[in-house]
Amino acid sequence: MRLLARHSEIKKDSSTILQKAAIAKEAKKKDPSVINATIGMLFDENESFYTFNCVKEAEKELNGAERYAYGSTIGLKPYLAGVESWVLQDYEKEMKELMEVRTVATPGGSGALSNAFSNYLNAHETILLPSHMWGNYMQVAYENYLEHDEYELFTNEGTFNIQSLREKCLEYKKKQHRLMMVLNDPCHNPTGYSMTHEEWIALIKLINEMSADGTPFIFVYDMAYIDYDKNGMKASRDNIRLIETLNENVMSILCFSGSKTLGLYGLRIGAMIGITKNKEAIDDFINSMEYSARTKYSMSTTYGMNLIAKIFTEEKYRKMFVEELKAVRDMLVKRSNAFIDEANKYNIKTLPFKCGFFVSVICEQDDKAYEYLANKGVYVVPLGGTLRITLASISLENCKKLPKLLREALDYAENHKQLV
């Protein structure tokens, strides 16, 4: 006898990432030589969990109330101000003069995405997602009674596929008279792609084209890995600045992950920044997001908000964090360069990659390749035609070592395919 509502009867977490990560974690406990390239967390060159020194120092100064007392549903003011300052950087003053900018605290970037998905489309309308994506987008959509469709992320030349997005926008503009899309950039999960500034200009132009007749357009920008862009913070903020040129009936929702930016993965702290030229729309944003926050999770962690506020607003900690971030970005670039160089030697093809935590190796028989690698003590994430490798969690040495094992796994998978 089933007691669930019909909508809930099919619910079962289909995301493989945490499942595979748990298997890998147990294997590594038994054998330290295991290569765990499953989970999107930062590890140092000894493959120990990486904690920023500024986090260690700043949290020592938090008293009991700053850690554990009730906070605010919308978010503590110093935290909201700190996030806006950090995300917008040198363009904060300019953007606030030209646009309406308001922020709500959330439990990680996931909370920001969930709130956005639940407030801007009607039940059973369709949200546009990229063809290569963090799989939880689809589950968040279903949880909020939404359908989803995919725009092709890449052209055959390996660039951002603006034409595919245009076609999907035209299709759903006609069907539902409003549009909502998700973009994950830079350091895209799971491919490691980062859009060029010219691609961003083309995207903003398309959004304005689609909304020129008054069609509401909700631009959900998942910026979880924004501070790990090898081009540095200015390049990514130059892209954000383009939001200033969007039409009045466009709402941009920037989903910030403090969990990812500061390596506070389990603390679950993030924010959603609403940016629009429409005063009524920003008031609606605040009212609806506060309501959703109150009903879903009451408030974000006081500990997380006060810790990040201290790092983002106090000069000594902010300076320390900027310096540490640069060192981490440099470490990730070294790892990715080593991996790509070795992968090329073994004729391993990846989806378009620029930088970040992840790279996706093309593999039609991904389950068979996963099986081979696991037997060799190597754990990755099969994602239906690709293997996601987390470069952020393995050492430079293992980044160099992994491609040879991947070549063996790809050959094994291909031979298995031929025998079937």
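Residues numbered from 1 in each chain as written. Predicted model: local features only at pLDDT ≥ 70, side-chain atom pairs only at ≥ 80, totals over all residues. Heavy atoms only, no water.

Chemist: Just checking my understanding: could you explain the environment of aspartate 366 for this structure?
Modeler: Inspection of the secondary structure assignment puts aspartate 366 in helix H15 (residues 366-375). When its relative accessible area of 8% is taken as the criterion, aspartate 366 is described as buried. For aspartate 366, the contacting residues outside a window of four places in its chain are Pro382, Leu383, Gly384, Gly385, Thr386 and Leu387. Polar contacts involving the side chain of aspartate 366 include one to the main-chain amide nitrogen of glycine 385, which spans 3.0 Å. (Helix = DSSP H or I, 4+ residues; strand = E, 2+ residues; numbered from the N terminus. Buried < 20%, exposed > 50% of the residue type's maximum accessible area, 1.4 Å probe, protein only. Contact = heavy atoms within 4.5 Å. Polar contact = N/O pair within 3.5 Å; in protein donor to acceptor, adjacent residues only side chain to side chain.)

Chemist: Whenever I open this one, the pairing of strand E4 (residues 147-151) confuses me. Can you help?
Modeler: Sheet faces and side chains relate simply in a regular strand, where the side chains alternate between the two faces. Here five bridges tie strand E3 (residues 126-130) to E4, and the two strands are oriented parallel to one another. Looking at E4, one finds that leucine 129 is bridged to glutamate 150. Between E3 and its parallel partner E4, the chain crosses via helix H7 (residues 136-143), and the hand of that crossover is right-handed. (Pairing = 2+ DSSP bridges. Right-handed = clockwise from strand over helix to strand, strands pointing away.)

Chemist: Is there a simple way to explain the pattern of salt bridges in this structure?
Modeler: Two side chains with opposite charge may pair up if their charged atoms get near one another. Taken as a whole and judged by the stated rule, the model has 25 salt bridges. Across the salt bridge formed by glutamate 57 and lysine 60, the nearest N and O atoms sit 3.4 Å from each other. Here lysine 60 and glutamate 57 lie together in helix H2 (residues 53-60), a separation of three residues that amounts to about one turn. A relative accessible area of 59% places lysine 60 in the exposed class. Glutamate 408 is the salt-bridge partner of lysine 404, the closest N and O atoms lying 3.0 Å from each other. Of this pair, lysine 404 and glutamate 408 are both found in helix H16 (residues 396-419), four residues apart, which corresponds to roughly one turn of the helix. Take lysine 404: its relative accessible area is 43%, and that puts it in the partly exposed class. One network of salt bridges, in which partners are shared, links Glu61, Lys310, Glu314 and Lys316. (Salt bridge = Lys/Arg side-chain N within 4 Å of Asp/Glu carboxyl O.)

Chemist: Got a minute to help me understand the environment of threonine 215 in this structure?
Modeler: Tracing the backbone shows threonine 215 in the loop between helix H9 (197-211) and strand E6 (217-222). We classify threonine 215 as buried; its relative accessible area is 9%. Residues threonine 215 and isoleucine 204 lie 11 residues apart in sequence; the distance between their C-alpha atoms is 15 Å. When residues no more than four places from it in sequence are discounted, the contact partners of threonine 215 are Lys173, His177, Arg178, Leu179, Met210 and Asn249. A distance of 2.8 Å separates a polar atom in the side chain of threonine 215 from a polar atom in the side chain of aspartate 213.

Chemist: Please clarify how the sheet that holds strand E9 (residues 358-362) should be interpreted in this entry.
Modeler: Paired through their backbone hydrogen bonds, the strands of a sheet run either parallel or antiparallel. Pairing in this open sheet of three strands is antiparallel, and the strands run E9-E12-E11 from one edge to the other. Among the strands making up the open sheet, the edge pair consists of E9 and strand E11 (381-382). Across the sheet, H15 touches E11 and strand E12 (386-390), and the angle it forms with E12 is around 45°. (Axes fitted to C-alpha atoms, helices over the stretch in contact; angles between N-to-C directions.)

Chemist: Sorry if this is basic, but what is going on with the packing of aromatic side chains here?
Modeler: The full count for this structure, using the stated rule, is 21 aromatic pairs. Plain terms: the ring middles of tryptophan 200 and phenylalanine 219 are 6.1 Å apart, the flat faces sit at 70° to each other, and that makes the pair edge-to-face. In this pair, tryptophan 200 is assigned in helix H9 and phenylalanine 219 in strand E6, connecting sequence segments 19 residues apart. In this pair, the class of tryptophan 200 matches that of phenylalanine 219, namely buried. Directly above the ring of tyrosine 370 sits lysine 20, whose terminal nitrogen or CZ lies 4.1 Å from the centroid. (Phe/Tyr/Trp six-rings, centres within 6.5 Å; stacked < 30°, edge-to-face > 60°. Lys NZ or Arg CZ within 6 Å of the ring centre and 35° of its normal.)

Chemist: Mind showing me how you'd approach unusual backbone geometry here?
Modeler: A negative phi angle characterises most non-glycine residues, just as the trans form characterises most peptide bonds. A cis amide bond, omega -10°, links aspartate 185 with the succeeding residue proline 186. Mapped onto the secondary structure, proline 186 falls in the loop between strand E5 (179-184) and H9. Cis geometry is found at the peptide bond from asparagine 189 to proline 190, where omega equals 20°. Tracing the chain through its elements places proline 190 in the loop between E5 and H9. You will see that histidine 124, though not glycine, has its phi angle at about 75°, which is positive. Secondary-structure assignment places histidine 124 in the loop between helix H6 (108-117) and E3. Of note, serine 298 is a non-glycine position whose phi angle comes to about 70°, a positive value. Along the chain, serine 298 turns up in the loop between helix H12 (279-296) and helix H13 (302-313).

Chemist: Sorry if this is basic, but what is going on with the nonpolar core here?
Modeler: The tendency in soluble globular proteins is for nonpolar side chains to be buried as a group. With 106 residues, the main nonpolar core has Tyr79 and Phe117 as its most contacted residues. Here the element with the most residues in this core is H13; it accounts for seven residues. In contact with tyrosine 79, not counting residues within four places along its chain, are Ala105, Phe256, Ile269, Gly270, Ala271, Met305, Ile308 and Ala309. In this structure, Ile348, Ala369, Tyr370 and Leu387 belong to the second largest nonpolar core, which totals 31 residues. (Core = buried A, V, L, I, M, F, W, Y, C linked by side-chain atoms within 4.5 Å.)

Chemist: In this structure, what is going on with the packing of H6 against H12? I would like to understand it.
Modeler: For any two helices packed against each other, one specifies the crossing angle of their axes together with the interaxial distance. Direction vectors running N to C along H6 and H12 enclose 115°, while the axes themselves pass 10 Å from each other. Seen from above, H6 lies across H12 with right-handed handedness. The segment H6 lies against H12, with Ser114, Asn115 and Ala116 engaging Met289, Ser292, Ala293 and Lys296. Of the residues in the contact of H6 with H12, the class split is three nonpolar, three polar and one charged. (Left-handed = near helix turned anticlockwise from the far one by under 90°. Nonpolar A, V, L, I, M, F, W, Y, C, P; charged D, E, K, R; others polar.)

Chemist: Just to check I follow, could you spell out the packing of H6 against H7 for this structure?
Modeler: Closest axis-to-axis distance for the H6/H7 pair is 9 Å, and the angle between their directions is 40°. Classified by the angle their axes make, H6 and H7 are oblique. Viewed along their axes, H6 and H7 form a crossing whose handedness is right-handed. Residues Leu113, Ser114 and Phe117 of H6 pack against Tyr137, Val140 and Ala141 of H7. When grouped by side-chain class, the residues that make up the contact of H6 with H7 number five nonpolar, one polar and no charged. (Parallel < 35°, antiparallel > 145°, perpendicular 65-115°, else oblique.)

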